[in-house]
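# Architecture and fold: a report
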Amino acid sequence: DLSLSSYEGSSVNTFEMSPYECLKMVCQVTGHDMDLAALVAKYFLELPVDEPTTTKKLPSMKKIIDFMIDIFLDCVKGSCLVVIALDDVHFMDALSWKALQQIFERSNNVMIVCTSRPLKTNKLSIEEEFWTLLNEHKKNDSKVMSEKAFQHIDLQPFSRKQVGHLVASLAEVEDDEVDDSMVRFVYQQSGGMPHFAREILEAINLTNLVVRRESSELLGWNVDLSSEQLADKTNAFSSLEQMMMHRVDSLDREMRAAVQVCAVLGREFLMSDLVLVQRDCMGLQKAVDDFEFSKKFLDKAVNERILEVTIDEGNDYHDELNDMEFDGGSDFHEDVLYRFRLDVFRTSVLYSMLESRRRDLHFVIAKALQRQQKQKHDDYSTDYRGMLKLFGHLKACADSVNAAELALKIGKEFENLGLSSQSLSLYNETLEIWDPGVHRDDDPERTTIGGIESQVVYAIGPTDLEYLIKVKIETGKCFANVHDGTKSALTYEDAYSILKEAPSSEDIEDHAMLFPIFSGLCLALKWGRIKDDAEKTYEQELVARFVLEANRHGDPVHEARALAMQGVMFYSLGKLDDCLETQRKLDDVYDVNEHSTGICKSYGSDRAAQNYGLCTEWHELLGNHDEMMETIEFVLNILLPKMEERNVHNQFMMLYPVLIVMKGQGMAHRALQIFQAHIVDMFEQHYGSNASTFCLAMYKPTVFLLKLLAAKDEGVEISSEQLQEIVDWVTDDKAGEFTQDLESVTVNLGRDGIGVVAEICLLLLENTTACALMSGDVRERIKQKGINLVEASVSRSKDHVGFRYAYKEVKDVLKKLLSIS
């Protein structure tokens, strides 16, 4: 529950409100965005939200985390000390670590206590930068050490003496009143782990094994038992696993079956989960009341210290379950979350079951959960916890097709929320369905094809192969979304290798699944993530097959994408006539009204439309001035209005070559207006200033370049304030720093980022008003920076036939910069 006690004048009792009402109230008091509150409540906190939101777009993940931490910090700012205690943080996901990092960095009254298993064997999902920061605080050499502190404590097992003290404390006697043989037994069986030692002692306490001896007055083993009897009884405590199973074996048959069902349900589960599945899993008689049986079993399991109650969820689920045609009339309404007291307890139960029994239970539970979700929700796409739970059971019962289909659905939802890293984790987990050792890259005995065990590839059926490839494709897309071009390329290569080697690939009916692989591989080649020979043999083979398969398939969406790819390939080979011939074929196939949406859906952006932008450069290189101007107007007047305005990456890829051509034709001002309206403004409108996109680093330099050219060539006024802004920007050391991936893209589009910044330097030096604002030292710095950048740009493009337009642009800039005195 959230508290508003820290806000002056607030007398609201939040304990009488629902969690979402609390969140809305806090937003009203603190002035936070109510629409954002609804989105966070619905998608991340899984709270029921009935009212619609006016927000048309999902905010960035950074904005969502900022919002959630803002709310938390606002709620605790009136407290002297707030303690956040988190157990088993080695299970915590990367986003939770990001939230925790913000709390650590922004709060001044919060103490965070995290516990985990040894970090050598349990890797944290924490970002390396944050982990380094924490360790700097530990070393006491951080600038903010006076405000922040971090302490890393390794908890070692108890010594034998400490275990003896624990035994004495629990028995409420002095240390020297405990028999040494008993201490030795507990120490050996627990390995010195305090929690395990306590479990053993409390289990022993339920028997008559330990008494205070009259002869020695020591607490020790019962001397009235024979050595055989003592050995037989202590055998149940010879290991923690044995002790746990002894406790389970003491239950009756139905109770033991219920423990097995709970173990398969998971480490944590709701009572409603057990009620939902127990009849199918345990074969209960019709007369048995589901609710009463569950309540009776769970109470006994808690008393036996097998389970523990963790959270009272407070959900009224009884009527919902009755609506699902379950028997029972219990008046128990509160859903309760249970969990196994020890992981080893659940593990022991699972290992005691036959694998076929575990798989059967997972299958029955999966079917019950599917039935429940369909009955509770017409569209349950936002019930992520429920979908992930279902996925886990489908995977465990080896239902590969349904598990993969669900994983792909969840992954797409996560990507829409900006959770690409979570999608990647899910896709990697899905691959384990077909090859449990898929992540054992260091195993020398594994023989793989595309990262999958070769025997699996040779034996896999066509349906499973299709879903395996789909998961690989989505993984490749996700890596591209998080700007990891190398892993994206490798994933597409893996998918292609599997398809080529798997015998069942011939039986796949829909070859459209090949096309995203071709597209992804060719993009990786263009970005330099896959090495090819000078003749581009691999790329030519790939593109030829793409065009062939697309023609066979007959879908204009894929035909257009294949032809667009072929045109780009011909340009990279310096075959401009072939480029234009391919473009004419594309004209015959592509209709923006019919095909643009489909291409974006399949490939992320309209690659066919983007080729028209490149075509303007091809015409200019061949001296086709009229055709060049016609193509410019076609892009601006026919294609651009049909593009989805929020897909700013698509707009950039299509317009950037056009704008580069326009600026050389005395149309820089018009180019500036188009770039501002359709890219800069649309990004700001749909995503906000805190968001990011692949080409964002090119926005500001492109605007500055076009402003300066519009002033020079067309006499468009540019104020001293605007000039000073450009001077300040270009003299910053970071101006001219672009990622390798971005430069690989922009040089293919006609101008790399450093070439743009170099021309900005030239134009400032040619502008008399700008020069008047600069000292001699500043002018010299700008000149030298421009020369350094343009020389690097020339070096990149000079000997590459596919970068002819980029080279044509920057060689003139270099000549002019060198001529400035």
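Residues numbered from 1 in each chain as written. Predicted model: local features only at pLDDT ≥ 70, side-chain atom pairs only at ≥ 80, totals over all residues. Heavy atoms only, no water.

## Concerning the overall build of the protein chain
Broken down by element type, the protein chain carries 38 helices and 9 strands. The burial tally for the protein chain puts 50% of its 821 residues in the buried class. Only carbon and sulfur atoms are counted for the fraction: they give 47% of the accessible area of the protein chain, which is about 40,200 Å². (Helix = DSSP H or I, 4+ residues; strand = E, 2+ residues; numbered from the N terminus. Buried < 20%, exposed > 50% of the residue type's maximum accessible area, 1.4 Å probe, protein only. Areas by Shrake-Rupley, 256 points an atom, 1.4 Å probe, with all protein chains shown as cover.)

## Some remarks on the environment of Glu 539
Considering the arrangement of structural elements, one finds Glu 539 in helix H24 (residues 537–553). Spatially, the C-alpha atoms of Glu 539 and Phe 518 are 9.5 Å apart, while their sequence positions differ by 21 residues.

## Points about the pattern of salt bridges
Where charged atoms of side chains with opposite charge meet at close range, the side chains can pair. All chains considered together, the criterion is met by 33 salt bridges. One salt-bridge network, held together by shared partners, links Glu 620, Lys 663, Arg 751, Glu 759, Lys 808 and Glu 809. (Salt bridge = Lys/Arg side-chain N within 4 Å of Asp/Glu carboxyl O.)

## Thoughts on the packing of aromatic side chains
Overall, the coordinates contain 16 aromatic pairs when judged by the stated rule. With 6.1 Å between their ring centres and 35° between their planes, Tyr 590 and Tyr 612 make a pair best called tilted. Within this pair, whereas Tyr 590 is found in the loop between helix H26 (576–589) and helix H27 (592–603), its partner Tyr 612 is found in helix H28 (residues 607–622), the two being separated by 22 residues in sequence. For the pair formed by Tyr 590 and Tyr 612, the shared burial category is buried. One aromatic cluster is present, formed by Phe 652, Tyr 656, Phe 675, Phe 683 and Tyr 699 through successive ring pairs. Geometry around Tyr 603 places Arg 561 over its ring, the cationic atom sitting 5.7 Å from the centre. In this structure, Lys 808 is placed above the aromatic ring of Tyr 805, and the distance from its NZ or CZ to the ring centre is 4.5 Å. (Phe/Tyr/Trp six-rings, centres within 6.5 Å; stacked < 30°, edge-to-face > 60°. Lys NZ or Arg CZ within 6 Å of the ring centre and 35° of its normal.)

## Some details on the side chain of Ser 294
You can see Ser 294 is positioned in helix H13 (residues 290–303). Given a relative accessible area of 0%, Ser 294 falls into the buried group. When sequence neighbours within four positions are dropped, the list of residues in contact with Ser 294 reads Met 271, Leu 274, Val 275 and Gln 278. (Contact = heavy atoms within 4.5 Å.)

## Overview of helix H25 (residues 556–572)
The α-helix winds at 3.6 residues per turn, so residues separated by three or four positions along the chain end up facing the same way. Look at H25: 24 Å from first C-alpha to last across 17 residues, which is about the 24 Å you get at 1.5 Å a residue. Among the 17 residues in H25, 15 count as buried, and that is most of the element. The N-capping residue of H25, defined by a side-chain oxygen 3.0 Å from the backbone nitrogen of Val 557, is Asp 555. Positioned one or two residues after H25, Gly 574 has a phi angle of 80°, which is positive. (Expected span 1.5 Å × (residues − 1). Polar contact = N/O pair within 3.5 Å; in protein donor to acceptor, adjacent residues only side chain to side chain.)

## Things to note about the nonpolar core
Core analysis: the largest hydrophobic core is formed by 240 residues, its most contacted members being Phe 297, Tyr 590, Phe 652, Ile 760 and Leu 764. With 11 residues, helix H30 (residues 648–663) is the largest single contributor of residues to this core. Excluding its chain neighbours within four sequence positions, the residues that come into contact with Tyr 590 are Ala 560, His 595, Ser 596, Ile 599, Asp 606, Ala 608, Ala 609, Tyr 612, Leu 639 and Met 643. Judged by nonpolar contacts, the second largest core, of 10 residues, contains Val 89, Leu 100, Phe 104 and Leu 124. (Core = buried A, V, L, I, M, F, W, Y, C linked by side-chain atoms within 4.5 Å.)

## A short note on the pairing of strand S2 (residues 110–114)
With 5 bridges joining them, strand S1 (residues 82–86) and S2 adopt parallel strand pairing. Across the sheet, Ala 85 pairs through a bridge with Val 113, a residue of S2. What joins S1 to S2 is helix H4 (residues 94–106), and the crossover it makes is right-handed. (Pairing = 2+ DSSP bridges. Right-handed = clockwise from strand over helix to strand, strands pointing away.)

## Looking at the environment of Thr 702
As for its placement among the helices and strands, Thr 702 is situated in helix H32 (residues 699–714). For Thr 702 and Gly 753, which are 51 residues apart along the polypeptide, the C-alpha to C-alpha distance reads 8.8 Å. Residues contacting Thr 702, with those up to four places away along its chain left out, are Tyr 656, Phe 675 and Val 756. A polar contact is formed between the side chain of Thr 702 and the backbone oxygen of Met 698, at a distance of 2.6 Å.

## Here we look at empty space enclosed by the protein
Evaluation of the coordinates by the stated rule reveals 1 cavity of 30 Å³ or more. Estimated volume of the largest cavity: approximately 50 Å³. Surrounding the largest cavity, Lys 526, Val 568, Tyr 571, Leu 614, Asn 748 and Leu 749 form its lining. Of all elements in the fold, only H25 and helix H34 (740–749) reach the threshold of two or more residues within the lining of the largest cavity. Here the residues of the lining of the largest cavity sort into 4 nonpolar, 1 polar and 1 charged. (1 Å grid on protein atoms, 1.4 Å probe; cavity = no way out; pocket = protein on both sides within 12 Å on 5 of 7 lines; lining within 4 Å. Points joined across faces, edges and corners; volume = space filled by probe spheres on them. Nonpolar A, V, L, I, M, F, W, Y, C, P; charged D, E, K, R; others polar.)

## Things to note about the confidence of the model for the protein chain
Scored by pLDDT, the protein chain comes out at a mean of 83, with 87% of its residues at no less than 70. Model confidence for the protein chain, summarised as mean pLDDT per element, is weakest for helix H14 (residues 318–323) at 42 and strongest for helix H29 (residues 625–639) at 97. Per-residue pLDDT stays below 50 along residues 141–146; that stretch engages in 6 contacts with residues further than four places along the chain or on separate chains. Confidence over residues 312–333 falls short of pLDDT 50; this stretch has 51 contacts with residues more than four positions distant or in other chains. (pLDDT = per-residue confidence, 0-100.)

## Details of the environment of Leu 342
Residue position: Leu 342 is located in the loop between strand S7 (334–340) and helix H15 (343–352). Note on Leu 342: relative accessible area 7%, which makes it buried. For Leu 342 and His 195, which are 147 residues apart along the polypeptide, the C-alpha to C-alpha distance reads 9.3 Å.

## Some remarks on the packing of helix H22 (residues 485–501) against H24
Here H22 crosses H24 at 65°, and the two axes come no closer than 14 Å. At the point where H22 passes H24, the crossing takes the left-handed sense. Mapping the contact onto sequence places Glu 493, Tyr 496 and Lys 500 in H22 and Tyr 538, Glu 541, Leu 542 and Arg 545 in H24. Looking at the contact of H22 with H24, its residues break down into 3 nonpolar, no polar and 4 charged. (Axes fitted to C-alpha atoms, helices over the stretch in contact; angles between N-to-C directions. Left-handed = near helix turned anticlockwise from the far one by under 90°.)

## Some words on the side chain of Ser 348
Considering the arrangement of structural elements, one finds Ser 348 in helix H15. Ser 348 gets classed as buried once you look at its relative accessible area, which sits at 8%. Once residues within four sequence positions are removed from consideration, Ser 348 is found in contact with Glu 241 and Met 245.

## Notes on the packing of H24 against H25
In a packed pair of helices, the relevant descriptors are the angle between the two axes and the axis-to-axis distance. Taken N-terminus to C-terminus, the directions of H24 and H25 make an angle of 155°; their axes are 9 Å apart at the nearest point. As summarised for this structure, H24 and H25 are arranged roughly antiparallel, according to the angle between their axes. Between H24 and H25 lies a crossing of left-handed hand. On H25, the residues that touch Glu 539, Gln 540, Val 543, Phe 546, Val 547, Ala 550, Asn 551 and His 553 of H24 are His 558, Glu 559, Arg 561, Ala 562, Met 565, Gln 566, Met 569 and Ser 572. Residue composition of the contact of H24 with H25, by class: 7 nonpolar, 6 polar and 3 charged. (Parallel < 35°, antiparallel > 145°, perpendicular 65-115°, else oblique.)

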